[in-house]
Structures are given as C-alpha cells and as structure tokens.
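Below are the chains, spelled out letter by letter.
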Amino acid sequence: MALLEVKDLSVTFSVPDQGDVEAVKKISFSVEKGKTTALVGESGSGKSVTALSVLQLLPYPMARHPSGEIRFDGRDVMKLAKDELRAIRGNRISMIFQEPMTALNPLHTIERQIAEPLYLHKKMQPAGARARVLELLDMVGLSMLKERLGAFPHELSGGQRQRVMIAMALANDPDILIADEPTTALDVTVQLQVLDLLQKLQKELDMAILLITHDLNIVRKMADHVCVMHRGEIVEQAAMKEIFTKATHVYTRALLSAEPKGKPQPLNDKAKILLTAKEMKVHFPVKKGLLRRTVDYVRAVDGIDLKLRRGQTLGVVGESGSGKSTLGFAVLRLVQARGEIVFEDKEITHLSQRELRPLRADMQLVFQDPYGALSPRLSVRGIIEEGLLVHQKNLTAEQRDEKVVAILKEVGLDPETRFRYPHEFSGGQRQRIAIARAMILQPKLVVLDEPTSALDMSVQAQIVDLLRDLQVKHNLSYIFISHDLKVVRAMSHHVMVMQNGKIVEWGSRDKIFENPEQDYTKKLLEAAFFTAEAGRERSGKTRSGTTAKKKK
C-alpha cells in the first residue's frame, strides 16, 4: 500500500489583473515506503507547487484546490486541522527546499535551526537536542562542524548548507522526505555526495522520497518511479527504466533528447592569438586583529598561464572556490592581478581604468544569474543599448534602436518585447537578453561565467546552440566557466581543470574527456557522468558514520 496517494489534484492561483491561473491540473501519483518517486519537468511545469501542496504550504487563500485529495497514511491532508498539519510537517513529512541560503534563517546558528524540529515535535531538553544535533551532523557527513555549532549559514559552503538542510529534515526520522531540487547550483562532486547521502539514509530509515528535479541524470540515479510533468499535467508516468528506454509521450522524448550535445566547429590552429596570460596571480589578503593587519593570503589564482586564439573556446572547470570566476574577472581586469596579460598584442596588466575603457567593447562578460545581472528598473532596450551609449556615442536614438532590434533577432527574441522589463521574461529569455547585451558591441572575447547553471536542460541546449552559432558567425573567442561538464564538453575546444587556484590539467576537449591523466579530473568526470547502476552500486557500499535509527 502506498504511503502517500495524490488523486486528481488541481491547484489554481487567483492572480490580480490576470484572473485564475491553473498551475496543476488533476494529477494523480503515489509514493511507496522505502521508494523514490520523481516529479520531472521544466520550470513552470507545476513540480514545486505539487510538492508544497502535500504539506499545504501554498499561499492560501490566493491558492486553492478545485479538486483532488492528498492521502497520507490513510488521511486526507487537505482536510486536516492546523494542529494536525503541524504535527506532520517536519516530523512525519519533511522537506529539503531548493535554495538553502534562502531557506535557512541568516540570524540563527546551525545548531538552533537543526534542533528546532526536535524542540517542537519531541519536546526535547537542550542537552538531548544537542546530542541529537551532533548525531545528525555525523549522519550527513558534517563532523567538522561539531566545533562550529555557533556558525551561521553564510559562514558555510553551498554543499555544507545543503547538508544542514538535510539534517534538519531528518531530525525526526520522517516517513517521507520531499527533496525539491536538492542539488541545484552545487558542484558535480558535492552533488554526487548529497545524492549518495540521500540514498544511504533512505536505505537505513526505510524512508520514502518525493524527488523534484529537472535533471534527468539525477532521476536516472535516484528514482524508482517517474512522473513527467508539463504545463501542470502528468503526461507520462512509469518505472524509471521504462521512462528512459520506452518513453511514449512526445514531451518525454523531447526531454530525454534535450541535453546539450554536439561539439564546436573545428578550431583553426593557425588563427591569431587573441589573449595570453603568464604567471597570473590574484591573492586576496586575510586581515585580523584590531589594526586589521594582513596575516595571510587567499590564493584564488596562483601562477596561471593560458593562451586563447580567435574563434576558440576554452572551458574552465573545477569545484567552487577553485578560482574559475576569479580567473575570468582577472583576464578582463575586473580584479587586480599580478603577472602579464596580453590582449591583441597589447599588455594590459598595468593599464589604468581610463586606458582600459576603449578595450571594454572588445572584452565582454555574461554573468551567472541573468535575473541579478539585469537592472529591474530598465527596459530590455535600455539594458541592451547601454553599451552603445558608452562606446558608440555618435549613434542616434533611431540607430541604436535598429541595432537593438537586430541583436534581439539574432539571439532568438521577438524585438517587440524590447519595451518590457526583466521580470516579464523566463530564465532562458533573460539569459538571451544578457547575451544580447554583450554581443551588441561585437566583442572579440566573451567570458561566460556559469551561463547555463540555473536553466532547465532543454533551455541549456538552446543557449549552447545559440553561443556556438554566434561564435561561428562573428569569430568569437570564449572563456567558458562552468561546473557542468556536459555543457563544457558541448562548447569547448580546450579544457582547463582548476583546483585551489592552480591548473591541475589542461588539454584538448577529447583528451580531457576521454583520456584524463589526473585523479582530480577523473573524480570530476565520474561525478558528472554517473549512471544509475554505478550510483546504486555506490549507495549500497559500507560507509562510515553514525547509523540512523529506524522507526519502530
């Protein structure tokens, strides 16, 4: 018998000036004890709304359920009183939210946040709660934080924050764990660690998992049963292997084929060298004491050499903190660097900001988060034409508008949308706007800092195709920074692997992906291209750490 049964569930939001919006339309699925059911689909398909409905965490009364029931352990959750719901939330059904930095309270220590469900549901005393917190930290692989129980969320890495969220969710040994995009924006190695941890704990606790994700690689590793959602409906559901081998719905097949594929156009080895760097270093001082004296340095980039030709893409990969983004900023002289940086035969390391300004049109940057990088106060036209106002002051307003229209067409956006604002666009559309802003000045070098990390798989593939087309058309050189090796493989001619500010390995795309030499590179590749069989094999191995107590 299923532990959780969702039958004919609908969710409608009453939106001012728009009327009723149907987010979920009569969906049905179940979650069995000790098994994982995955809800998969693109952004806006209704996955997270469905998950929040299970715990009745939607913004009621703006949200309502025109139909359906959610039966947990034989009772309809939608008909429970507030006190009965409170007894379930964080106790028998727990949730790992998508963004731990947002979901964790920045004003509370990790000890207080992990212990909160213990005080609320178990009525534990401080001594007992602390003992359980220490046990949970062991369980999720955070033994190093036992001496830092007073740490705040901003003092932890992304992977550590995600593990703290898991510890909170597991505090009361829940029957069901809802994991909403639990590894989004994590490095591939940390992602694999978190997924292995969830599988290990599921086995020990005989816990059911409702997994929400758009990453089919994670579904392949984790899920027993898969529900494919599209525009609020479940268009197909079946056992995991059946979905991946015998998908019947057009949308499911489109999702399965949506991963970034192919490779860039062959590189002309005789093309002119656009950029070189020798012994490039970026060290940030660590200051302590009343007088703020420098006691050490963080060596973000530590003695790196690189060479980039016209029309070439250099992929830069590594874990968070390896120095990837700092390298990109240093090449563009957005952070101070030591060493030698030569752009188009001109040494730029010691140029002043005024001397650099004419070169900025040839050196552009596309940021990781398109929503954060676009001004909410400017229209799309205002955002894209800003560079023209600085670097091509002789243009009239009409000429600028013509250029904006042309570049919007080139990046696949309707020019009529140029009067709208960023919040009116999807994530993929916002990234196209950010690319248009960089390309309108016809640069020679573009640094792309995690340009696809927050996007659905199908949108990632579209952005990769767009960038490759623009490269061929304009003979662009890219420095492509990413922790997603699938995207790097589809984009790059050469790949640089970084760790702790240094180059671990450098080589052609084929060499790095097919015949890596260094153990660190092999570890990254294993984490990025894991298979379901390998993942389940790993999760079954004996592990060190505290064993969770099963529910009686």
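Cut-offs and rules
Position numbers for residues count from 1 along each chain, tracking the sequence in the order it is written. Given that this is a predicted model, residues contribute local features only at a pLDDT of at least 70 and side-chain atom pairs are listed and counted only at 80 or more, while totals for whole chains, interfaces and linings are drawn from all residues. Only heavy atoms go into the side-chain values, all of them from the structure, while hydrogens and water stay out. Numbering of helices and strands starts at the N terminus; helices are DSSP runs of H or I of at least 4 residues and strands are runs of E of at least 2. Radius of gyration means the value over C-alpha atoms here, while the globule rule gives 2.2 Å times the residue count to the 0.38 power. Only protein chains enter the accessibility calculation, which uses a 1.4 Å probe; a residue whose area is less than 20% of its type maximum is buried, one above 50% is exposed, and one in between is partly exposed. Contact between two residues is taken to exist if any of their heavy atoms lie within 4.5 Å; hydrogens are not considered. Using a 1.4 Å probe, the Shrake-Rupley method yields the accessible areas, and only the shown protein chains count as cover for residues. Here Asp and Glu are counted as negative and Lys and Arg as positive; His is not counted, and neither are the chain ends. Lys charges are placed at NZ, Arg charges at CZ, Asp charges at CG and Glu charges at CD. A side-chain nitrogen of Lys or Arg and a carboxyl oxygen of Asp or Glu constitute a salt bridge if their distance falls within 4 Å. Only when DSSP finds a minimum of two bridges between them are two strands counted as paired. Every angle, taken between N-to-C directions, lies between 0 and 180 degrees, and every axis is a line fitted to C-alpha atoms, over only the stretch in contact when it is a helix. How far each domain reaches was decided by an automatic or database domain assignment.

Considerations on the overall build of the protein chain
- The secondary structure content of the protein chain amounts to 21 helices and 21 strands.
- At 25 Å, the protein chain has a C-alpha radius of gyration in line with the 24 Å of a compact globule built from 552 residues.
- Overall size of the protein chain, expressed as C-alpha extent along the three principal axes, is 70 × 55 × 50 Å.
- Counting every position in the protein chain, which comprises 552 residues, the buried fraction comes to 54%.
- Restricting the contact set of the protein chain to residue pairs at least 6 apart, pairs at least 24 apart contribute 69%.
- Entry remark: accessible area of the protein chain is about 25,600 Å², with carbon and sulfur atoms responsible for 49%.
- Placing the 81 positive and 69 negative side-chain charges of the protein chain at their respective mean positions leaves the two points 3 Å apart.

What about the pattern of salt bridges?
- Summed over the entire model, instances satisfying the criterion amount to 25 salt bridges.
- With a shortest N-O distance of 3.7 Å, Arg299 and Asp296 are connected by a salt bridge.
- As a salt-bridge pair, Asp465 and Arg468 come within 2.8 Å of each other at their nearest N and O atoms. Of this pair, Asp465 and Arg468 both sit in helix 17 (residues 457–474), 3 residues apart, which is roughly one turn of the helix.
- The buried category is assigned to Arg468, whose relative accessible area is 13%.

So, the sheet that holds strand 16 (residues 346–347)
- The 4 strands are arranged 13-12-15-16 in an open sheet whose pairing can be described as antiparallel. Because the sheet does not close on itself, it has two edges, and the strands there are strand 13 (293–309) and strand 16.
- In the sheet, strand 12 (residues 273–288) pairs with strand 13 via 13 bridges, with the strands oriented antiparallel. Bridged to Lys287 within strand 13 is Thr294.
- Each of strand 12, strand 13 and strand 15 (338–343) touches helix 11 (residues 324–331); the most contacted strand, strand 12, lies at about 120° to it.

Considering the domain arrangement of the protein chain
- By the assigned domains, the protein chain splits into domain 1 (2–92 + 174–257), domain 2 (106–171), domain 3 (259–362 + 443–527) and domain 4 (374–442).
- Here the C-alpha centre of domain 4 lies 37 Å away from the C-alpha centre of domain 1.

With respect to unusual backbone geometry
- Here the residue pair Tyr60 and Pro61 is connected by a cis peptide bond, since its omega of 5° sits within 30 degrees of zero.
- For Gln442, which is not glycine, the phi dihedral falls at a positive 55°.
- Among the secondary structure elements, Gln442 is positioned in the loop between helix 16 (427–439) and strand 18 (445–449).

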